[in-house]
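Report on the structure
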Protein chains: 2
Amino acid sequence: MLAAIINVGTELTSGDTLNINSQTLSRRLFDLGIEVKFHISVEDNKDLLKELIEDSKKKVDIIIFTGGLGPTDDDFTKEIVAEVNHKDLIYDQKIMDSIERFFANRGTKPSPNNKKQAYIIEDSIVLKNDLGTAPGYFLENDGIKYILLPGPPGEMLNLFKKEVVPLIDSEEKIYKKMIKTIGIGESLLEEGIKDLIREENGVYIATYSKLGEVRVKLISKEEDKLNNIYEKIYQRYSEYIYTLSYDNIEESIYKNLKQNKMKIAFCESCTGGLIASTLVALEGASEVFDRSIVTYSNRAKVEELNVSEDSLKKYGAVSEEVAREMAEGLYNRGSIDIAISVTGIAGPDGTEEKPVGLVYIGLKTKDGVIIKKNNFVGRRKTIQERTAKEAFNMVRKYLSEKNIYSIEL
Amino acid sequence: MLAAIINVGTELTSGDTLNINSQTLSRRLFDLGIEVKFHISVEDNKDLLKELIEDSKKKVDIIIFTGGLGPTDDDFTKEIVAEVNHKDLIYDQKIMDSIERFFANRGTKPSPNNKKQAYIIEDSIVLKNDLGTAPGYFLENDGIKYILLPGPPGEMLNLFKKEVVPLIDSEEKIYKKMIKTIGIGESLLEEGIKDLIREENGVYIATYSKLGEVRVKLISKEEDKLNNIYEKIYQRYSEYIYTLSYDNIEESIYKNLKQNKMKIAFCESCTGGLIASTLVALEGASEVFDRSIVTYSNRAKVEELNVSEDSLKKYGAVSEEVAREMAEGLYNRGSIDIAISVTGIAGPDGTEEKPVGLVYIGLKTKDGVIIKKNNFVGRRKTIQERTAKEAFNMVRKYLSEKNIYSIEL
């Protein structure tokens, strides 16, 4: 079954409100084995909405609408769907009663406008909304299912789960896997699995990149075939894979550190605390993390980490040597297993010798120090985010080399 | 001028990635006086994309695309736009050279796939992308403007601002003002300016709230009318306004600290470095910031900030007393004007006495210590972000009381 989602509301097309309903619905539909072909957000405009429904009808089997079911003049999704399907709107006293009860419970009365909400689409199933005054609708006509849901995300999802799922749930089971990698480019990885993509035979394979990562998504109706493709990809690229779950790199690192009962600390210059706060954004961070330090100025590097004035003068703050001394200084403060140091040029000003994006990351453990020189591309914020990701990736590599990193945690 | 936005990518229709580009573009277009009629997100599907372009062409004057400009087989936005307009794709050696330079800077080489990106749409203007390998395109054909931008939000916005705005900026001057407030709720503020909204007369007034802030947007074709409305709002709510620009609270604080030649430092517990990194995300942070510290465990609070073991035992780490001692300990390390401390329960586990969302923020200056107790609502990440915002807001209030805060910087 193929679906389209139409979100109605000028607050979406003006950019005042971020459309999150389309993502929520896409995920829920995917889990039911229904493929979403496209989303449309449309301004409050009767003619345009009508045209877009007419266009969409030709392309999918299910159209899910959100928004435009309220009591005001701007709300007309129900009216237009009825019109496109040559259905009448019929007054329903029972719905009017429930609207009156809804307001009574809040100690107020419905406005005259609310009467509009008591009209239902002829031949439709009314979907009861516990959380608001606008009911939803399910209409099947000319082989197409029309599902109308209210716009507020909480009401929308509640109605979808309770009322819509039982009406559209198909029997067919869908299997999926997500493979997340760091350290290999998208085009290279795609090149390397082109034979599998071409073969295809019932497994949908898609790669996409996201801020320094490349992900491979596998979807199939046949579990064996999916596992077979997955095994092949794993054999070719295991060294780049950091998880098979929906976790981020920091979540994977967190779980692995916890599993190994290891503590980590950071001394950050150009990232200003981003790496520490990324870890502390996770619940239970205290299991692997105790403290951290931001040494932005040279003086702070000397005073907090015992970096030598000489090295700063001779090599500059952004150098392999200073990254090393920072990591060692932090490690020597004691009671941690992994010390990460970061020093780099986040921009906007760099030099020819030390351009924007030049970042040294140090990793100090009982086994010694590793320094990685990076040349990141992008704006200040992107460089900082890439640095954080690479720092976590260095931890992954270190744990992998010691055979204590699991991608299945 | 009427516009449509088409975002291409299965990661959007599958729900894996939230579509934020359509909101960003809608706002930017709105500011240029261009009305966005609808957004479409479409899966990677050549025929469907073609049909949707054909449908959209009939409805608007400008179609802006994001995504599908990369090197892989899934990327074909450029090819389809060329096809719909009966244009050829032409190989451009200069673009290939710049792609090679891009990879050389990172110490790697383009894959054979990258060659695809060196083909440009006949008769189009190529929009140079400083941040990635995929250039954008501007094509005008049959009275319709087609603008193709890369999918990664940073690259997309950079190209839009630098390359697209000069090409589509309309002659008609639109005046606008953004008023950003912290500390007052949206419905209260809206209630308080209802008379102005009703009056209207050529000034569009919209309020919206965003993570602890309420913003009022004013747009008009007549400067005088807009200024008149603005003056009235300012007179009523000046104590809550932190800026009249597009700056965030951290940018406003940064500019004010710099103006006053003041240095700030943070000691963060439940925010784990988020406040420091929010400041360091800004260019030139070193003018107001030198170092910072994350003291997540009790031991770290004692060792790094001289918090007394007694207070930790007697009041607990999340208490007014510990917030005070943290701020004082940090301030006493010397050479800063403002020391901010944070200690709180970010969740998921709280107690009845100390629930999730309880956060103490301390502000220590030469004038003494101020402690604010907050009860934030939301998930862990939301609580951390709200805390960061409130910390900056406390700095604003302190500077305001000393009459050295400017909302016009």
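Residues numbered from 1 in each chain as written. Chains lettered and ligands numbered in written order. Predicted model: local features only at pLDDT ≥ 70, side-chain atom pairs only at ≥ 80, totals over all residues. Heavy atoms only, no water.

A word on the confidence of the model for chain A. Here chain A shows a mean pLDDT of 91. Residues at 70 or above account for 99%. Scoring the predicted complex yields pTM 0.74 and, for the interface, ipTM 0.74. (pLDDT = per-residue confidence, 0-100.)

Take the pairing of strand E15 (residues 338-344) of chain A next. All names here are of chain A. Of all the seven residues making up E15, seven are buried; the element is thus mostly covered by neighbouring parts of the structure. Of the two faces of E15, the one lined by Ile338, Ile340, Val342 and Gly344 and the one lined by Ala339, Ser341 and Thr343 are each fully buried. As defined by bridge partners, strand E13 (residues 264-268) adjoins E15 across five bridges and the pair is classed as parallel. Each bridged residue has a counterpart across the sheet, and for isoleucine 264 the counterpart in E15 is isoleucine 338. Two elements, E15 and strand E16 (residues 358-365), share six bridges in a ladder whose sense is antiparallel. (Buried < 20%, exposed > 50% of the residue type's maximum accessible area, 1.4 Å probe, protein only. Helix = DSSP H or I, 4+ residues; strand = E, 2+ residues; numbered from the N terminus. Pairing = 2+ DSSP bridges.)

Within the secondary structure layout, aspartate 31 of chain B lies in helix H2 (residues 21-31). Other than its neighbours up to four places away in sequence, aspartate 31 of chain B contacts Ile174, Lys176, Lys217 and Tyr246 of chain B. (Contact = heavy atoms within 4.5 Å.)

Attention now moves to the environment of isoleucine 168 of chain A. All names here are of chain A. Tracing the backbone shows isoleucine 168 in helix H6 (residues 153-168). Through-space distance from the C-alpha of isoleucine 168 to that of leucine 29 is 9.4 Å; in sequence the pair is 139 residues apart. When near neighbours in sequence (up to four residues on either side) are disregarded, isoleucine 168 contacts Met1, Leu29, Leu32, Ile34, Phe138, Lys145, Ile147 and Phe160.

Our next topic: the environment of glutamate 328 of chain B. Positionally, glutamate 328 of chain B belongs in helix H14 (residues 320-332). In this view, glutamate 328 of chain B contacts Lys364 and Val369 of chain B; residues no more than four positions away in its chain are not counted.

All names here are of chain B. Pairing is antiparallel in the open sheet, where four strands are placed in the order E10-E11-E9-E12. Single-partner strands in this sheet number two, and they are strand E10 (203-210) and strand E12 (241-243). Sheet twist, expressed as the mean angle between neighbouring strand axes with direction ignored, is 30°. Sheet topology note: the strand E9 (residues 175-182)/E12 ladder contains two bridges and is antiparallel. (Axes fitted to C-alpha atoms, helices over the stretch in contact; angles between N-to-C directions.)

All right, on to a positive patch on the surface then. A grouping of Arg379 and Lys381 of chain A together with Arg28 and Lys161 of chain B is seen on the molecular surface, where their side chains present a positively charged patch. Turning to its location among the elements, arginine 379 of chain A is positioned in the loop between strand E17 (368-375) and helix H15 (380-401). (Patch = residues over 30% accessible without salt bridge, like charges linked within 9 Å, V, L, I, M, F, W, Y side chains within 5 Å. Areas by Shrake-Rupley, 256 points an atom, 1.4 Å probe, with all protein chains shown as cover. Salt bridge = Lys/Arg side-chain N within 4 Å of Asp/Glu carboxyl O. Lys, Arg positive; Asp, Glu negative; His and termini not counted. Charge placed at Lys NZ, Arg CZ, Asp CG, Glu CD.)

Our next topic: unusual backbone geometry. Residue and element names in this part refer to chain A. A cis amide bond links glycine 347 to the next residue, proline 348, at an omega of 10°. You can see proline 348 is positioned in the loop between E15 and E16. At aspartate 142, a position not held by glycine, the phi torsion is positive, near 50°. Structurally, aspartate 142 is set in the loop between strand E7 (136-141) and strand E8 (144-149).

This brings us to the sheet that holds strand E7 (residues 136-141) of chain B. As summarised here, the arrangement of the twelve strands in space is E6(A)-E7(A)-E8(A)-E3(A)-E1(A)-E2(A)-E2(B)-E1(B)-E3(B)-E8(B)-E7(B)-E6(B), forming an open sheet in which the pairing is mixed. Taken across any chain shown, the strands that pair with only one partner, and hence form the sheet edges, are strand E6 (125-127) of chain A together with strand E6 (125-127) of chain B. Each neighbouring strand pair of the sheet contributes to a mean axis angle of 15°, computed without reference to strand direction. Summarising the sheet, strand E1 (residues 2-8) of chain B and strand E2 (residues 35-42) of chain B pair through seven bridges and their orientation is parallel. Bridge assignment links leucine 2 of chain B to a residue of E2 of chain B, and that residue is glutamate 35 of chain B.

Before going further, it helps to examine the pairing of strand E2 (residues 35-42) of chain A. For a regular strand, the rule is simple: side chains alternate between the two faces of the sheet. For E2 of chain A, the buried fraction is high: seven of the eight residues fall into the buried class. Across five bridges, E2 of chain A lies against E2 of chain B in antiparallel orientation. Following the sheet pairing, histidine 39 of chain A is matched in E2 of chain B by serine 41 of chain B.

This paragraph deals with the layout of surface pockets. Quantified by volume, the second largest pocket comes out at close to 1,000 Å³. What lines the second largest pocket is a set of 32 residues, among which Thr10, Ser14 and Asp16 of chain A together with Tyr204 and Ala206 of chain B lie closest to the centre. Counting residues per element, the ones that place at least two in the lining of the second largest pocket are helix H1 (10-13) of chain A together with H2, E2, helix H7 (186-192), helix H8 (194-199), E10 and strand E11 (213-220) of chain B. (1 Å grid on protein atoms, 1.4 Å probe; cavity = no way out; pocket = protein on both sides within 12 Å on 5 of 7 lines; lining within 4 Å. Points joined across faces, edges and corners; volume = space filled by probe spheres on them.)

Turning to the packing of aromatic side chains, a few remarks are in order. Residues and elements named next belong to chain A. Across all of its chains, the model carries 15 aromatic pairs over all chains by this definition. On the basis of an interplanar angle of 80° and a centroid distance of 5.8 Å, the ring pair of phenylalanine 102 and phenylalanine 103 is categorised as edge-to-face. By relative accessible area, phenylalanine 102 is classed as buried at 17%. Judged by centre distance (6.3 Å) and plane angle (75°), the ring pair of phenylalanine 266 and phenylalanine 392 falls under edge-to-face. (Phe/Tyr/Trp six-rings, centres within 6.5 Å; stacked < 30°, edge-to-face > 60°.)

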